[in-house]
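A closer look at the structure
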Amino acid sequence: MEAIVIKNLTKKYGSFTAVDKLDLTIGKGELFGLLGVNGAGKTTTIKMLSCLTKPTDGDAVLLGNSIREKPAEVKKIISISTQETAVAPNLTVRENLEFIAQIYGISDPSAAADKVIADFSLQEKENARTKTLSGGWQRKVSIAMALITNPQILFLDEPTLGLDVLARRELWGVIEKLKTKMTIILTTHYLEEAEALCDRIAIMTQGKLRAMGTAEELKQLAGKDNFEDAFVEIAERAGKGEL
Amino acid sequence: MRITAFAKRNIKELLRDPLSYVFCLGFPVMMLLLMTVINKSIPPQANMTVFRIDNLCAGITVFGLTFLMLFAAMLTSKDRTSSFLTRLYASPMTAVDFIAGYYLPLLILAVVQAVITFGVSLVIAAIEGVSLSIGGILLAIVTLIPSMVMFIGFGLFFGCKFSDKAAPGLCSAIISAAAILGGIWMDIDAMGGTLAKICKVLPFYHSVNAARLAVDGNIGEAGTSMLIVLAYTVAVAVLSVVAFRHNMNKDN
Ligand SMILES: Nc1ncnc2c1ncn2[C@@H]1O[C@H](COP(=O)(O)OP(=O)(O)OP(=O)(O)O)[C@@H](O)[C@H]1O
Ligand SMILES: [Mg+2]
């Protein structure tokens, strides 16, 4: 069954097209990777899908709800970890988590917080004001805030940005466990991360979808046996107008 | 549920900033004490009573509210620039949740602030042997509720429209306008001229005037001032709501 059906999704800023006629279907329980060079339109796509930005053209339907017609319904079933860390600085880690659980109407916010605190090993900092945490720790809290709502569709925009290797591996573990339970769209600039985690991967440049498939398929398409080389090859071919 | 959760968060955010206490409580109380000392050094023959505690308390309370406006602006603009609001815009929070969640806690803090400022004034009045009625003060706090909403509205509006660098600057303009043109430090009625006219077109003088009349037990004369403040309150509140909704609906 399909979780996300994107049709002709387009975003223009003035005369500049940030996302250009995107067509994409993502299955329920799929972990979908969105890759692309800086400015390719990944964040803009995620923002349209999470009703933060209105599409100029086209539409996307998330579990039966159109982002154009039923944004309020969409917002109930999604959760987003934005590219920038987004926390309430003067709340403690636990308060931040419980606050998000409350606004999503989770029945037992404190129990839900216990769970993500354990998943992300946040115990030692749970009662610290979030602004006193290091950048990487704030990042972990910000991602944990997206997960506490137990969404049906989860958007992770460069979740591992600024995390150390251990924290990144830990997050991979958390994501692995969520796989199949919810539909996830993940963007990242770490290609090994996309290769390790994602069921399917799409590569965007200049707002357009250039290639899509499993990591294996993309390597074959590019004729490379290493995923990073394949990505570079595809991005370069797209730049030359060959894709 | 969402409103309560967001209101609680906002109150925590404000109360955990030590500067809130310095500006919103420390400053008005310090002014009360300072002006009382100055008042003592004014010879009785000068017949100048603006600085006497019964005249002073209403103005200083309004002065305190202007700082609450500053904190309202900083809270909203920081939430916006830090992408915290972006995350919430993608949540089930509705415009009503946001607006009530910002206004309510600030309104509670404004009432608490007024109670404390008037409370300190009562103590000073008792020490100075000036008569100050508790009934009048309670009535003054009620007459100040529209002003509280107005100042919070100014804060939210600036916070919605300007960055966390620019918003405080704009707030200081309002703080100065309120302090100078609000008749907190001078007797506008005795002044006359163009400046007095300007003062009476702006809401600040009327906020102070209505509360002062209430303190003096002359609430019956405060009708015009109350109406003018109310009109500004409605306008500013509408502006702040429009600005907020606009932010919600634009590209985030
Ligand atoms: N609000 C905006 N106004 C104008 N242009 C914008 C706006 N937001 C994004 N853009 C432009 O749209 C393009 C796509 O941006 P987007 O943030 O989606 O890229 P991205 O793929 O997420 O890049 P990165 O990997 O750097 O995060 C960029 O050229 C950007 O400058
Ligand atoms: Mg991005």
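Some remarks on the overall build of chain B
The helix and strand tally for chain B stands at eleven helices and zero strands. Reading the helices (α) and strands (β) of chain B from amino to carboxyl end gives α-α-α-α-α-α-α-α-α-α-α. A globule of 252 residues ought to have a C-alpha radius of gyration of about 18 Å, and chain B, at 19 Å, matches this closely. Along the three orthogonal principal directions, the C-alpha set of chain B runs to about 65 × 35 × 30 Å. For chain B, buried positions account for 54% of its 252 residues. Intrachain contacts of chain B at a sequence separation of at least 6 include 78% that bridge at least 24 residues.

Description of the nonpolar core
Ile4(A), Leu62(A), Leu97(A) and Phe155(A) are the most contacted members of the largest nonpolar core, which has 156 residues in total. Here this core gets 17 residues from one element, more than from any other, and that element is helix H3 (residues 53-81) of chain B. Discounting chain neighbours no more than four positions away, the residues touching Ile4(A) are Leu24(A), Thr25(A), Ile26(A), Leu49(A), Val61(A), Leu62(A), Ile153(A), Phe155(A), Thr183(A) and Ile185(A). Formed by five residues, the second largest nonpolar core is a distinct cluster that contains Leu181(B), Ala196(B), Cys199(B) and Tyr205(B).

What about the interface of chain A and chain B?
As a measure of interface size, the accessible area lost when the parts come together is often cited. Contact with chain A, which involves 33 residues of that partner, is made by 23 residues of chain B. Carbon and sulfur atoms supply 56% of the area buried between chain A and chain B, which totals about 2,400 Å² over both sides. Taken as a group, Leu52(A), Phe99(A) and Ile103(A) account for 25% of the area that chain A buries against chain B, more than any other trio of residues on that side. Run the count over chain A and chain B and you get three salt bridges. Counting only elements with at least two residues in the side of chain A that touches chain B, the list comes to strand S1 (2-13), helix H2 (71-77), strand S6 (78-81), helix H3 (93-103) and helix H5 (135-147) of chain A.

As for the sheet that holds strand S4 (residues 57-62) of chain A
Residue and element names in this part refer to chain A. Overall, antiparallel pairing links the four strands, which are arranged S2-S1-S4-S5 in an open sheet. Among the strands making up the open sheet, the edge pair consists of strand S2 (16-27) and strand S5 (65-66). Sheet analysis places S1 next to S2, joined by eight bridges and oriented antiparallel. Directly across from valine 5, in S2, lies its bridge partner threonine 25. Taken strand by strand, helix H1 (residues 42-49) contacts S1, S2 and S4, and its axis lies near 120 degrees from that of S1.

Focus on the side chain of Asn55(B)
Residue and element names in this part refer to chain B. The residue asparagine 55 is located in helix H3 in this model. For asparagine 55, the side chain forms a polar contact with the main-chain oxygen of threonine 49, separated by 2.7 Å. Asparagine 55 has contacts with Thr49, Val50, Arg212 and Asp216, leaving out every residue within four places of it along the chain.

Observations regarding the site of ligand 1
Residues and elements named next belong to chain A. Around ligand 1, the surrounding shell holds 14 residues, and the nearest of these are Gly39, Lys42, Thr43, Thr44 and His189. At 3.0 Å, a side-chain N or O of asparagine 38 approaches an oxygen atom of ligand 1. In the environment of ligand 1, an oxygen atom lies 2.5 Å from a nitrogen or oxygen atom belonging to the side chain of threonine 44. For the shell around ligand 1, the secondary structure elements donating two or more residues are S2 and H1. Residue contributions to the shell around ligand 1 peak at three residues, all from H1. Considering only residue class, the shell around ligand 1 consists of five nonpolar, seven polar and two charged.

Concerning the coordination of the magnesium ion (ligand 2)
Under perfect tetrahedral coordination by four donors, a metal shows angles of 109.5 degrees; under perfect octahedral coordination by six donors, it shows angles of 90 or 180 degrees. Residues and elements named next belong to chain A. Only Thr43 (OG1) and Gln83 (OE1) from the protein reach the magnesium ion (ligand 2) as donors, at distances of 1.9 to 2.1 Å. You can see threonine 43 sitting in helix H1 and its partner glutamine 83 sitting in the loop between S6 and H3, a full 40 residues away along the chain. Assessed through its relative accessible area of 26%, glutamine 83 is described here as partly exposed.

As for the confidence of the model for chain B
Averaged over every residue, the pLDDT of chain B is 94; the share at 70 or more is 100%. Both scores are available for the predicted complex, with the pTM at 0.93 and the ipTM at 0.94.

Topic: the sheet that holds strand S8 (residues 183-187) of chain A
Residues and elements named next belong to chain A. Spatial ordering of the open sheet is given by S6-S7-S8-S3-S9-S10, a layout of six strands whose pairing is mixed. The sheet is open, and its two borders are formed by S6 and strand S10 (208-213), each paired with just one other strand. Going across the sheet, the axis of each strand differs from the next one's by a mean of 15 degrees, ignoring polarity. Two strands pair when backbone bridges link them, and strand S3 (residues 31-36) and S8 are joined in this way by four bridges, in the parallel orientation. By the bridge assignment for S8, glycine 33 is matched with leucine 186. On top of the sheet, H1 reaches S3, S6, strand S7 (153-157), S8 and strand S9 (200-205); it is set at about 150 degrees to S7, its chief contact. In the packing of helix H8 (residues 215-222) onto the sheet, contacts are made with S9 and S10, and the angle to S10 comes to roughly 110 degrees.

Overview of the environment of Ala88(A)
Here Ala88(A) is to be found in the loop between S6 and H3. Residue class for Ala88(A) comes out buried when judged on its relative accessible area of 0%. Spatially, the C-alpha atoms of Ala88(A) and Lys125(A) are 15 Å apart, while their sequence positions differ by 37 residues. Residues contacting Ala88(A), with those up to four places away along its chain left out, are Asn96(A), Thr130(A), Arg9(B), Glu13(B) and Phe84(B).

Conventions and cut-offs
- Note that residues are indexed from 1 along each chain, following the sequence as it is written.
- Written order decides the labels, with chains lettered from A and ligands numbered from 1.
- Residues qualify for local features only when their pLDDT is at least 70, as the model is predicted, and side-chain atom pairs are given and counted only at 80 or more; totals for whole chains, interfaces and linings, by contrast, use all residues.
- Only heavy atoms go into the side-chain values, all of them from the structure, while hydrogens and water stay out.
- Note on conventions: DSSP H or I runs of at least 4 residues are helices, E runs of at least 2 residues are strands, and numbering of each starts at the N terminus.
- With the radius of gyration taken over C-alpha atoms, the globule rule is written as 2.2 Å times the number of residues to the power 0.38.
- With a 1.4 Å probe rolled over the protein chains alone, any residue whose accessible area is under 20% of its type maximum counts as buried; one over 50% counts as exposed, and the rest are partly exposed.
- It only takes one pair of heavy atoms within 4.5 Å for two residues to be counted as in contact.
- Here, the term nonpolar core denotes a set of buried Ala, Val, Leu, Ile, Met, Phe, Trp, Tyr and Cys residues that are joined through side-chain atoms within 4.5 Å.
- Each of two parts loses accessible area, computed with a 1.4 Å probe, when they are put together; buried area is these two losses added.
- Any Lys or Arg side-chain nitrogen located within 4 Å of an Asp or Glu carboxyl oxygen qualifies as a salt bridge.
- A pair of strands is labelled paired if DSSP reports no fewer than 2 bridges between them.
- Lines fitted to C-alpha atoms define the axes, with helix axes restricted to the stretch in contact, and inter-axis angles between N-to-C directions lie between 0 and 180 degrees.
- A 3.5 Å cut-off defines polar contacts: any pair of N or O atoms within that distance qualifies, except that in protein one atom must be a possible hydrogen donor and the other a possible acceptor, and neighbouring residues in sequence count only when both atoms are side-chain atoms.
- The near set for a molecule or strand comprises every residue that places at least one heavy atom within 4 Å of it.
- Residues were grouped as follows: Ala, Val, Leu, Ile, Met, Phe, Trp, Tyr, Cys and Pro as nonpolar; Asp, Glu, Lys and Arg as charged; and all remaining residues, including Gly, as polar.
- For Na, K and Ca the donor cut-off is 3.2 Å; for every other metal, N, O and S atoms count as donors within 2.8 Å. Water does not enter the count, which can leave sites looking incomplete.
- The quantity known as pLDDT measures the predictor's confidence residue by residue, on a range of 0 to 100.

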